[in-house]
Amino acid sequence: MGLETLDVVIGVIFVFLLVSIIAAAVREGIEAHMKTRGAYLWLGIRELLHDRQSTGLAKVFYQHPLIYSLFPGELRERKQVDAPRVWASGRGMPSYIPARNFALALMDIAARGPVTSTATADATAPAITLENLRANILNVQSPAVRRILLTAIDSAEGDVRKAQAEIEAWYDSAMDRVSGWYKRTTHVWLLGIGFFIAVVLNVNILTIAHHLYVTPAARELVVSRAEAAVADPKYLDETNRVAAQKTLEGLSLPIGWKGYELFGRADYNFSMIWKFVAVPLGGWMLTALATSLGAPFWFDVLNKVMVIRATVKPHEKSPEEASEDRQTKPGALATTAQQRQTNVPPPPPPPPELAAGAGDPLSDVDACGPREFEETSDDDLPAATGGVQ
């Protein structure tokens, strides 16, 4: 992957990050009004206490002083539903109940009774001990919850704090499921908000990617802004969310509706419909899908890609060179061959006795000396001695 292509990827991710920040701010505004988490918590508590219709233990639990103090006014119960809904409203309900409050409220209901009165708030009221919990367990209306409390009492080994910890762990495991409901709903909301932002601001990621690819100045500007964002660990704070839209509009990217027209023209055809309708819809949908993943996800991805860019950039500017003793330069083979031919010393001249015209001094011994006028026949050669026996 070249540095230009990597810069285009960084620009696309940075745009996704900015749109996600804007969508998160819109989502928080909607949540502040609808209190969806409170509705999901209400449904989770009713399932946890085995009281889906909220006519027994769940209603008593929300009226306990430790829980009632977590939300203002009277408890405004909503329509009972069996599954969480995206548009669920939880206004008038607590959005969060600490595990300690849940455990103490449930133990107090078991030890002292479900109704808050002078008798249960008197100094002579039973203390919250394991013995009183077991003796007054019938104050809990749900048989299933009574069994859970008895199990916590038995596993506490005589320590009431251990029983409280067991109840808190049971509550936390149930809240993991409620958190899963809320996260899925948040993804749906961010998907819708992301598509709305993409259409209103005309954030077509396909057009933006093409513009970044063909415009080096735009790439450099976006990458510089992305580097500044990565260098700021508090970039996702609420103070930066206000400036996210201004940052998006200041990137010199093809964002917005200025100069965009299709309807009202008499000469539009299929190719123009593809360019002005199909491509924008695809780009808007990609922007919406990316927005649904959330700003923290894209901030983490941007950090990782910037690390990769910091590794690739030095190699793009100065590629690695081979070692000098292993590198072969152009024409090196021919030069080396010439040097070898030039540097090789000539063979030494033969001794005088072997010079041209001189006979072999050992020819009388081996009868193989050179003869100038006749060749030695096989019959004239001396007989061979030795050999393999």
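Right above here is the structure, for reference.
What to know about the overall build of the protein
Inference 1: Broken down by element type, the protein carries 16 helices and zero strands.
Inference 2: Looking at the 389 residues of the protein, the share that counts as buried comes to 35%.
Inference 3: Taking as baseline every contact in the protein between residues at least 6 positions apart, the subset at least 24 positions apart corresponds to 76%.
Inference 4: Taken as a whole, the protein presents about 24,000 Å² of accessible surface, with 58% of it coming from carbon and sulfur.

Concerning a nonpolar patch on the surface
Inference 1: Residues Leu191, Leu206, Met285, Leu286 and Leu289 make up a contiguous nonpolar surface patch of roughly 400 Å² in combined accessible area.
Inference 2: Element by element, the count of residues in the nonpolar patch is highest for helix α13 (residues 270–291), at three residues.
Inference 3: By the secondary structure assignment, methionine 285 is in helix α13.

Section: the pattern of salt bridges
Inference 1: Inspection of the entire model under this criterion finds nine salt bridges.
Inference 2: Salt-bridge contacts for aspartate 7 lead to arginine 309; the nearest nitrogen and oxygen are separated by 2.6 Å. Pair noted here: aspartate 7 is in helix α1 (residues 3–34) and arginine 309 is in helix α14 (residues 295–317), with a separation of 302 residues, a long-range link.
Inference 3: A relative accessible area of 9% means that arginine 309 is categorised as buried.
Inference 4: Residues glutamate 157 and lysine 162 are paired through a salt bridge, measuring 3.5 Å at the closest nitrogen-oxygen approach.

Thoughts on the side chain of threonine 247
Inference 1: Inspection of the secondary structure assignment puts threonine 247 in helix α12 (residues 244–249).
Inference 2: Contact partners of threonine 247, with chain neighbours within four places excluded, come to Phe14, Leu18, Arg225 and Tyr235.

As for the nonpolar core
Inference 1: Counting residues in hydrophobic clusters, the biggest one holds 44 residues, and the most contacted among them are Leu49 and Phe102.
Inference 2: In terms of residue count, helix α5 (residues 99–112) provides more of this core than any other element does, nine residues in total.
Inference 3: Counting residues in hydrophobic clusters, the runner-up holds 41 residues, among them Val8, Val12, Ile205 and Leu248.

What to know about empty space enclosed by the protein
Inference 1: Tallying each qualifying case throughout the model produces one cavity of 30 Å³ or more.
Inference 2: In this structure, the largest cavity occupies an estimated 50 Å³ of space.
Inference 3: Around the largest cavity, the lining residues are Met107, Ala110, Leu133, Ile137, Leu149, Ala152, Ile153, Ala163 and Ile167.
Inference 4: Every element with two or more residues in the lining of the largest cavity is listed here: α5, α7 (143–155) and α8 (160–200).
Inference 5: When residues of the lining of the largest cavity are assigned to their parent elements, the largest contribution, three residues, is made by α7.
Inference 6: Tallied by class, residues from the lining of the largest cavity come to nine nonpolar, no polar and no charged.

Calculation notes
- Residues numbered from 1 in each chain as written.
- Predicted model: local features only at pLDDT ≥ 70, side-chain atom pairs only at ≥ 80, totals over all residues.
- Heavy atoms only, no water.
- Helix = DSSP H or I, 4+ residues; strand = E, 2+ residues; numbered from the N terminus.
- Buried < 20%, exposed > 50% of the residue type's maximum accessible area, 1.4 Å probe, protein only.
- Contact = heavy atoms within 4.5 Å.
- Areas by Shrake-Rupley, 256 points an atom, 1.4 Å probe, with all protein chains shown as cover.
- Patch = residues over 30% accessible without salt bridge, like charges linked within 9 Å, V, L, I, M, F, W, Y side chains within 5 Å.
- Salt bridge = Lys/Arg side-chain N within 4 Å of Asp/Glu carboxyl O.
- Core = buried A, V, L, I, M, F, W, Y, C linked by side-chain atoms within 4.5 Å.
- 1 Å grid on protein atoms, 1.4 Å probe; cavity = no way out; pocket = protein on both sides within 12 Å on 5 of 7 lines; lining within 4 Å.
- Points joined across faces, edges and corners; volume = space filled by probe spheres on them.
- Nonpolar A, V, L, I, M, F, W, Y, C, P; charged D, E, K, R; others polar.

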